[in-house]
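Architecture and fold: a report
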Amino acid sequence: MLQRILQLNDVKDDSLFLWGPRQTGKSTLLKTLFPEVPYYDLLKSEEYTKYKLKPSLLREECEMLDAGSVVIIDEVQKIPALLDEVHWLIVNCDIHFILCGSSARKLRREGANLLGGRALRKTMHPLVSAEIPDFDIDKAVNGGMLPRHYLVANPQKRLQAYIGDYLQQEIIAEALVRNLDSFTRFMEVAALSDGEMVNYTKIASECGVSSKTVKEYFAILDETLVGFSVPAYSKVVKRRVQVSPKFYYFDVGVANYLLRRSNLKRGTAEYGHAFEHLIIQEIVAYLDYSESDKKLSFWHTQNNAYEVDAVIGDAEVAIEIKSSESVNSSHLKGLKAFKEEHPDCRLVVVSLDEKPRMLNGVEIWPVAKFLEKLWNNQIINKGFFYEVCENFNFDGDDEWYFYCWCGARNRCGAGVE
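Since the structure is predicted, the reported quantities are computational estimates derived from the model, not experimental observations.

We now examine the pattern of salt bridges. Throughout the structure, instances matching the rule amount to 19 salt bridges. Among the ionic pairs, Arg-185 bridges to Glu-188, the shortest N-O distance being 3.9 Å. Taken together, the residues Arg-185 and Glu-188, both in helix H9 (residues 180–192) and 3 residues apart, mark about one turn of the helix. According to the relative accessible area criterion, Glu-188 is partly exposed, its value standing at 24%. A salt bridge links Glu-320 to Lys-322; the nearest nitrogen and oxygen atoms lie 3.4 Å apart. With a relative accessible area of 6%, Glu-320 lands in the buried category. One network of salt bridges, in which partners are shared, links Asp-10, Lys-122 and Glu-291.

Here it is in structure tokens:
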């Protein structure tokens, strides 16, 4: 069994909401971490019926538990009324709850009790590279990182079933849209914009609905955790920048299925798009699991001359994602332009290069090494420049040149061109 990074140790002191898209492994994680605690599974029809008819039964049962006990309610959004009982038990009996589900949207729509800040929010993501021994980048790029999909040779049928399950259980069951056909068409068109800046008018035209409806559809994807938006880095120094967000499906395998992409090969544009999506997916999960206060954004100038795929925090790290096996100077234009406006920013390229190297002041990291460094807190972390010197085996002048860039400018007066 794969060991997940998310451990939920906060439940010792607080109650938790655990949200995450379907099949990310929430229930498996909970049963693994808490095998002995009371577990209410509302997917079971008999349990759903029992507590739907009499929500107070939860309170009557949990009042028998010791203070500090942990109780899990899976698919809690199916019976919003249970949250009033949960609230009472937290306040009066010091019971700690883990409230699990695929989305809080239904609870908000029905005005359910969200516990007034008495429960921390946690999000479960698909698998990440650090959780998989012998991680295979090509397999991940093609099939995505949902456990049921990554762990099989051909995930296409499971992806098809996944999309059908999402439409059936999240959209039809909760009556989130009036016209399922237009929403299904929207999901396919939105996939064409995956990793691109959102143009609501263009998408509306292709779907045959209004721009307002398209915005509502994007909100549904976001609130049911099936997609997420990355905002533009909007601080203007010299160049005017775009402000429209980018959209990504939560898992690259889902985007691949909707775009009918399969058997992606290195060197193709389709592989490059999926490769970028996967790295963004990993960065999003890292920032969430590490509880970082740094935000992810991207940078794109209004004249379309320059772009940076990922900007971390207040221009602390700028990351360009290239599926090239040999990054060259032409791949660095966006990073160099960004550096002109933010001279203290660290510049990184993630690529399919064989070995790490320094090119014109930009760190080039092979994807496996980048992901290892990311999850070891060595990419989005101050002080890394000094440590990274030990990971490069340069000789002679190259070694001294790199050392100067890492922080010894005053000793030799060298800079990086």
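Picking up after the structure, the text goes on.
Before going further, it helps to spend a moment on the environment of Lys-212. The topology assignment puts Lys-212 in helix H11 (residues 211–223). In this structure Lys-212 comes out as exposed when scored by relative accessible area, which is 62%. Distance from Lys-212 to Thr-201, taken between C-alpha atoms, is 9.2 Å for residues 11 residues apart in sequence.

Here the focus is the pairing of strand S14 (residues 362–366). Judged by how many residues are buried, S14 sits mostly within the fold: 5 of 5 residues are covered. Two elements, strand S12 (residues 346–351) and S14, share 4 bridges in a ladder whose sense is parallel. In the strand pairing of S14, Ser-351 is matched with Pro-366. Here strand S13 (residues 357–359) runs beside S14; their pairing, made up of 3 bridges, is antiparallel. Residue pairing across strands places Met-358 opposite Glu-363, the latter belonging to S14.

This part is about the sheet that holds strand S2 (residues 39–41). Whenever strands of a sheet pair, they do so through backbone hydrogen bonds, lying parallel or antiparallel. One open sheet holds the 5 strands; their spatial order is S2-S3-S4-S1-S5, and the pairing between them is parallel. Only two strands of the sheet have a single partner each, and these edge strands are S2 and strand S5 (119–123). Strand after strand, the sheet turns through a mean of 15° between neighbouring axes, direction not considered. This element, helix H1 (residues 26–33), spans strand S1 (15–19), S2, strand S3 (70–74) and strand S4 (96–101) of the sheet and lies at about 155° to S4. Across the sheet, helix H4 (residues 82–93) is in contact with S1, S3 and S4; its angle to S4 comes to roughly 155°.

A separate point is the sheet that holds strand S6 (residues 196–197). Strands sit in the order S6-S8-S7 across an open sheet of 3 strands; the sheet is antiparallel. Both edges of this open sheet fall to S6 and strand S7 (227–230), since each of them pairs with a single strand only. The pairing of S6 with strand S8 (residues 246–249) spans 2 bridges and is classified as antiparallel. Its bridge partner being in S8, Glu-196 is matched across the sheet by Phe-247. Running at roughly 90° to S8, helix H13 (residues 269–289) makes contact with S6, S7 and S8 of the sheet.

What follows is about helix H15 (residues 367–375). Every buried residue belonging to H15 is among Val-367, Phe-370, Leu-371, Lys-373, Leu-374 and Trp-375, and all of these are buried. One or two residues past the end of H15 sits Asn-377, with phi positive at roughly 60°.

Our next topic: the nonpolar core. Core analysis: the largest hydrophobic core is formed by 57 residues, its most contacted members being Ile-98, Phe-275, Ile-283, Ile-319 and Phe-370. No other element matches H13, which puts 12 residues into this core. Aside from chain neighbours lying at most four places away, what touches Phe-370 is Ile-279, Ile-319, Val-348, Val-350, Trp-365 and Ile-379.

Looking now at the packing of aromatic side chains. What the rule picks out here adds up to 17 aromatic pairs. Look at Tyr-40 and Tyr-51: their rings are 5.2 Å apart centre to centre, the planes differ by 80°, and that puts the pair in the edge-to-face class. One end of the pair, Tyr-40, is in strand S2; the other, Tyr-51, is in helix H2 (residues 45–53), and 11 residues separate them in sequence. With respect to burial, Tyr-40 and Tyr-51 carry one shared label: buried.

At a minimum axis separation of 10 Å, H13 and H15 run at an interaxial angle of 15°. Taken together, H13 and H15 sit at an angle that is classed as roughly parallel. Helix-helix and strand crossings are classified by hand; for H13 and H15 the assignment is right-handed. In this structure, H13 contributes Phe-275, Ile-279, Glu-282, Ile-283, Ala-285, Tyr-286 and Tyr-289 to the contact, and H15 contributes Val-367, Phe-370, Leu-371, Leu-374 and Trp-375. Taken together, the residues of the contact of H13 with H15 break down into 11 nonpolar, no polar and 1 charged.

Conventions adopted
Residues numbered from 1 in each chain as written. Predicted model: local features only at pLDDT ≥ 70, side-chain atom pairs only at ≥ 80, totals over all residues. Heavy atoms only, no water. Salt bridge = Lys/Arg side-chain N within 4 Å of Asp/Glu carboxyl O. Helix = DSSP H or I, 4+ residues; strand = E, 2+ residues; numbered from the N terminus. Buried < 20%, exposed > 50% of the residue type's maximum accessible area, 1.4 Å probe, protein only. Pairing = 2+ DSSP bridges. Axes fitted to C-alpha atoms, helices over the stretch in contact; angles between N-to-C directions. Contact = heavy atoms within 4.5 Å. Core = buried A, V, L, I, M, F, W, Y, C linked by side-chain atoms within 4.5 Å. Phe/Tyr/Trp six-rings, centres within 6.5 Å; stacked < 30°, edge-to-face > 60°. Parallel < 35°, antiparallel > 145°, perpendicular 65-115°, else oblique. Left-handed = near helix turned anticlockwise from the far one by under 90°. Nonpolar A, V, L, I, M, F, W, Y, C, P; charged D, E, K, R; others polar.

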